[in-house]
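Chain and residue survey
Next come the chains, spelled out residue by residue.
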Amino acid sequence: MSGVSRLTAGLEFGLLGPLLVSRDSAVVPIPAGRQRALLAALLLNAGRVVSVNELIDVLWGADPPASARASLHNCVGRLRANLGDDGDPPIRTRPPGYVFSVGRGELRLDVTAFEALLQAAQTAVKAGQWDLASAKTRAALSLWRGDPLADVDSQELARREVPRLAEMRLQALEIRLDADLRLGGHQEVIPELRHLAAGYPLREHLHGLLMLALYRSGRQAEALSVYQDAREVLVGELGTEPGSGLRELHQRMLNADPALSGPEPVSPEAASTASDSTASDGTGPDSTVRLVPRELPGSVRIFVGRDKELATLTQMLRRASGSAPGTMVISAISGMPGVGKTALVVHWAHQVAEHFPDGQLYVNLRGYDPGEPMTVADALTGFLTALGVPSREIPAGEVERAARYRSLVAGRRMLVLLDNARSAGQVRPLLPTDGCVVVVTSRDALAGLVAREGARRLDLDLLQVTDAVGLLQALIGDRAAADPAATLGLADQCARLPLALRVAAERVVANPHTRLADLVTELADERRLDLLDSGSDQDTAVRAVFSWSCRHLEPAAVHTFRLASLHPGPDLDVAAVATLTGVGREQAGRALDLLARAYLIQPTRPRHYGLHDLLRAYARELCDAQDGHDEQAAALTRLFDHYLRVAGAAMDVLFPAERHRRPDPGPPSAVPLFGSPAAARAWLDAERACLAAAAGHAATQGWPRQATRLSATLFRYLDVGGYYSEALAIHGHAHQAARAMGDRAAEGHALTSLAVTQAHKNLYQQARSYLEQSLPLFRAAADLAGEARALVNMGFIEFHQGCNEPAAAHFQLAAAQFREIGDQSGEALALGNLGDAQLRQGRYDQATRNHRRCLALSCQLGDQYCEVLALNGLGEAFLAAGQAAEARMQHDKALGVARQIGARFDQARAHNGLGHAYHALGDPDRARRQWRQALVLYTYLAAPEANQIRALLTAADSRL
């Protein structure tokens, strides 16, 4: 098409998730706000003129300012500049508005690709080609990176486009599941169908697919139960019976129609991905939900060469397929930094992913990052979480975690990528026992893995000359092809090292009007200067290329590059960058944009950036040379204070009644940082890994006070959310820091927080030990609030061990102490727990009084955490007194509050109470539904109450 410019043809766009624009695998930053909304509106209407009025509606809604037209014109100009206006801009002015000039057939947009794949799948369905339908929908669904238009701020686009895109995704899911079911994967699809049917209860097709999958798996009773549940929802919500298709399927199952039996599973591997008949829905002896992890990083979009190495890896895969059952095949890929080890294995893994129906696991072990490598325990935590193990159930010790991991992957056909390993010792605990293919990358030769585990070694060398030139031509475009001599010289100056080639190519692209030969000469001069420092040719090439790129950036961007290397976390957002560098967010964002364009920093997830470990090491080298110790210390102090302030603001929104227990975060911002609890929780979720890393760095590198304050600030969020691995790390660092400072009160609080976390993991002996250590520390520090907190948690441990009398005594003592110091929130917590203990003792009147006192205090304080405790307690007290209707009302209220604050255990308790209330009211069907929901939550939390619910459901089913 004549209207396609060279720059536009190299662009790719993504809207199925956060907005993504890239050119030749490099992200093109688009500023947040109206530019993103404008680009999204034009892309979704590519080839069609979008009127000015329509675009104004998209950008400003129903009440635009008087200057909207002029602002729109300016916004278009800025967007053209960001996309690369090379004389033939993709956005053109066409009365009465603007048009994105690339036609749909040529536009590389994920929405367009998704629609084409979905249409192909629908065509395959009509032709009965179910294998093709499955393949097409899997390819279509792989394009989704999250919620569509996730970071595009436009209510009009969200209203108009998001439901349409979500509906198409659901159609693709239904086709894939239908195809997999017809191909014999009936056991495999059950967990996903359960999840979808619960999320879309009015969609009859999903209920029908779930019924058929269960029926073909020999679970007729469960299939019929799905129909009854679906019918009740449809009658209750729509006032109508199920459609003829679902009713007919139900009748055929009742009649045991042999035509419903369906095909046998396609392969033993496919069948092994599903759980057995009791465990697949989370109700069996193993509470882990069998997930199929898909953890591969995004594929390298421009990949050149390495044909021999790719063939070797594929040959390894064939050898694994032909090996005896139980054989594990390992490939150890070693090579110098920046040689492209990760790019190779990720590119290959995407090519062969279909050979691993049980999923792919990936971890960056950070073996050669400037900081400490990832611990084996943390890597195992990530794997167990990806495999569906609830946080509460992840074992505390590394050996136990490794054993659980090996048990979960035994017999499954999985690919495990262990990237950037430091040594064989870091790798061995992460090796499964059998049946999997493992690929390890490292700068180390990993001779131990070759000798002991029989790993196939693959040494990765520099690119061949032709491949290095080919990569530059792909990255740079026509200028490289037009001047082959200069391109060859550039490849030589970069020592044919892929990372150096990519960074240098970005420098060339950023100077479109400078001759390539002149740029190569400039780089040669840079290298001659660096040769004076000696070192290997590759080291000199990398340093020269990095230095060359930095030398042509604005000083503020280079300053940002240097200080970003100090951040201890896996990545950092714009606010953290602004804090480290001491500048405003707008200036920090501009610096990050420049660094991203120069390939010196890379987007890792929405609004977050990370550095390749080699670039981080270079940036740290520059930082040590140019930024003194005092400036580095000041930058990190600002960073830790920033995390404390923002985390404190988030906690004040989520748990305002506990503000007095947290450290003072400083004066509040003139503009509230979070407008809703959902926004506060989203920030904490996004930054959790960075907060844990900050706590560890602060504790060990000279900021002990910040480490203890982070622990105290984040306690309730980590506790309620069930983030026990992070809690143990953060509170453990706080304990270490407090001891180093000699701060007895802070040490006591860290020990108490550790005790609570261990109690949630049912490690009561360790929890009690921590509390016994904390009590004398609180008394020595005259910290009455801390002492009362320890007493409450001592009672909590005794209560869960069935020791009701001593538990009640501790709760009474804590309540009196909280009352004495005027801590009403603490008093409410102690009274609510006391009421629970008295319920266990059969003292219903006393329990009711204490729960009412707890409820009154919590409502007065706005303490929803204690409010839900009181409401659930009152519900159980009313039920014990024979007042089932009143009990149902209290548990209903408790469920609503628990959902607001995300308290999963309290939600499960409310569902359990509702089940008992409905049972007492003579409604066994509703009782069973409530118990099933309680079972899901208790199972997720690995709580012992799950076994009680299973017994209730078994008894209810036997009566029916």
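Residues numbered from 1 in each chain as written. Predicted model: local features only at pLDDT ≥ 70, side-chain atom pairs only at ≥ 80, totals over all residues. Heavy atoms only, no water.

Another point: the overall build of the protein chain. Scanning the protein chain for helices and strands turns up 44 helices and 14 strands. Each of the 960 residues in the protein chain was classed as buried or not, and the buried ones make up 54%. Accessible area for the protein chain stands at about 39,700 Å²; split by element, carbon and sulfur atoms hold 51% of it. (Helix = DSSP H or I, 4+ residues; strand = E, 2+ residues; numbered from the N terminus. Buried < 20%, exposed > 50% of the residue type's maximum accessible area, 1.4 Å probe, protein only. Areas by Shrake-Rupley, 256 points an atom, 1.4 Å probe, with all protein chains shown as cover.)

On to helix α2 (residues 34-43), then. Buried residues dominate α2, accounting for 9 of its 10 residues. Three or more residues of α2 are buried, namely Gln-35, Arg-36, Ala-37, Leu-38, Leu-39, Ala-40, Ala-41, Leu-42 and Leu-43.

The next subject is the packing of aromatic side chains. For the structure on display, the rule yields 7 aromatic pairs. Measuring from ring centre to ring centre gives 6.3 Å for Phe-561 and Tyr-618, while their planes differ by 45 degrees; the resulting arrangement is tilted. With a gap of 57 residues between them, Phe-561 in helix α26 (residues 555-564) and Tyr-618 in helix α29 (residues 613-626) connect regions that are remote in the sequence. With respect to burial, Phe-561 and Tyr-618 carry one shared label: buried. Here Phe-674 and Trp-683 contribute two aromatic rings whose centre-to-centre distance is 6.2 Å and whose plane-to-plane angle is 55 degrees, an arrangement assigned as tilted. The lysine or arginine in question, Arg-716, covers the ring of Tyr-865, its NZ or CZ lying 4.0 Å from the ring centre. (Phe/Tyr/Trp six-rings, centres within 6.5 Å; stacked < 30°, edge-to-face > 60°. Lys NZ or Arg CZ within 6 Å of the ring centre and 35° of its normal.)

On to helix α38 (residues 824-840), then. Spanning 17 residues, α38 covers 25 Å between terminal C-alpha atoms, matching the ideal 24 Å at 1.5 Å per step. Burial analysis of α38 places 15 of its 17 residues in the buried class, the great majority of the element. Structurally, the start of α38 carries an N-cap: the backbone nitrogen of Ser-825 is 3.4 Å from a side-chain oxygen of Asp-823. In the stretch just after α38, Gly-842 is the one whose phi turns positive, near 80 degrees. (Expected span 1.5 Å × (residues − 1). Polar contact = N/O pair within 3.5 Å; in protein donor to acceptor, adjacent residues only side chain to side chain.)

Let us look at the pairing of strand β9 (residues 415-421). Judged by how many residues are buried, β9 sits mostly within the fold: 7 of 7 residues are covered. Here β9 pairs with strand β10 (residues 437-442) via 5 bridges, running parallel. The partner of Leu-415 across the bridge, within β10, is Val-437. (Pairing = 2+ DSSP bridges.)

Below, the discussion takes up the sheet that holds strand β4 (residues 50-51). The strand order β4-β6-β5 describes an open sheet built from 3 strands, whose pairing is antiparallel. Both edges of this open sheet fall to β4 and β5 (91-94), since each of them pairs with a single strand only. When β5 meets strand β6 (residues 97-100), the two strands line up antiparallel, connected through 4 bridges. Within β6, the position partnered with Ile-91 by the bridge is Phe-100. Helix α4 (residues 68-83) contacts β5 and β6 of the sheet and is inclined by roughly 150 degrees relative to β5. (Contact = heavy atoms within 4.5 Å. Axes fitted to C-alpha atoms, helices over the stretch in contact; angles between N-to-C directions.)

Attention now goes to the pattern of salt bridges. Scanning all chains against the criterion turns up 42 salt bridges. A cluster of three or more residues bridged by salt bridges with shared partners is formed by Arg-48, Glu-54, Glu-115, Glu-156, Arg-160, Glu-161 and Arg-164. (Salt bridge = Lys/Arg side-chain N within 4 Å of Asp/Glu carboxyl O.)

Right, let's get into the nonpolar core. Counting 130 residues, the largest nonpolar core has Phe-561, Leu-600, Tyr-643, Trp-683, Leu-684 and Leu-714 as its most contacted members. Among the elements that take part in this core, helix α30 (residues 629-654) stands out by supplying 11 residues, more than any other. Those residues in contact with Leu-714, other than ones at most four positions away along the chain, are Ala-647, Leu-684, Leu-691 and Ile-730. (Core = buried A, V, L, I, M, F, W, Y, C linked by side-chain atoms within 4.5 Å.)

What follows covers unusual backbone geometry. In this structure, Pro-96 follows Pro-95 across a cis peptide bond, with omega equal to 10 degrees. One can find Pro-96 in the loop between β5 and β6. Even without being a glycine, Arg-366 presents a positive backbone phi close to 50 degrees. Turning to its location among the elements, Arg-366 is positioned in the loop between β8 (360-364) and α16 (376-386). Looking at Arg-366, the relative accessible area reads 27%, which means it is partly exposed. Phi is positive for Ala-782, which is not a glycine, with a value near 55 degrees. Here Ala-782 shows up in the loop between α35 (764-780) and α36 (784-800). On the basis of relative accessibility, which here comes to 61%, the residue Ala-782 falls in the exposed class.

What follows covers the side chain of Glu-309. With respect to the helices and strands, Glu-309 occurs in helix α14 (residues 307-321). Salt bridges are absent for the buried Glu-309, whose nearest opposite-charge side chain, Arg-306, sits at 4.0 Å. Residues contacting Glu-309, with those up to four places away along its chain left out, are Leu-344, Leu-458 and Leu-460. (Lys, Arg positive; Asp, Glu negative; His and termini not counted.)

Here we come to the packing of α38 against helix α39 (residues 844-861). Two elements in contact, α38 and α39, have axes separated by 8 Å at closest approach and are oriented at 155 degrees. On the basis of the axis angle, α38 is roughly antiparallel to α39. When you trace α38 past α39, the crossing you get is left-handed. Residues Gln-824, Ser-825, Glu-827, Ala-828, Leu-831, Gly-832, Leu-834, Gly-835, Asp-836, Gln-838 and Leu-839 of α38 touch α39, and the partners they reach there are Tyr-844, Gln-846, Ala-847, Asn-850, His-851, Arg-853, Cys-854, Leu-857, Gln-860 and Leu-861. Taken together, the residues that form the contact of α38 with α39 break down as 9 nonpolar, 9 polar and 3 charged. (Parallel < 35°, antiparallel > 145°, perpendicular 65-115°, else oblique. Left-handed = near helix turned anticlockwise from the far one by under 90°. Nonpolar A, V, L, I, M, F, W, Y, C, P; charged D, E, K, R; others polar.)

At a minimum axis separation of 10 Å, helix α32 (residues 704-721) and helix α34 (residues 744-760) run at an interaxial angle of 25 degrees. Regarding the angle of α32 to α34, the classification is roughly parallel. The two elements α32 and α34 cross, and the hand of that crossing is left-handed. Contacts between α32 and α34 involve Thr-708, Phe-715 and Asp-719 from the first element and Ala-746, Ser-753, Val-756 and His-760 from the second. Residue classes in the contact of α32 with α34 are distributed as 3 nonpolar, 3 polar and 1 charged.

A few words on the sheet that holds strand β3 (residues 26-27). An order of β1-β2-β3 is seen for the 3 strands of this open sheet, with the pairing classed as antiparallel. The outermost strands of the open sheet, each flanked by one partner alone, are β1 (11-14) and β3.

In this section: the environment of Tyr-724. As for its placement among the helices and strands, Tyr-724 is situated in helix α33 (residues 724-741). Counting along the chain gives 30 residues from Tyr-724 to Leu-754, while the straight-line C-alpha distance between them is 9.5 Å.

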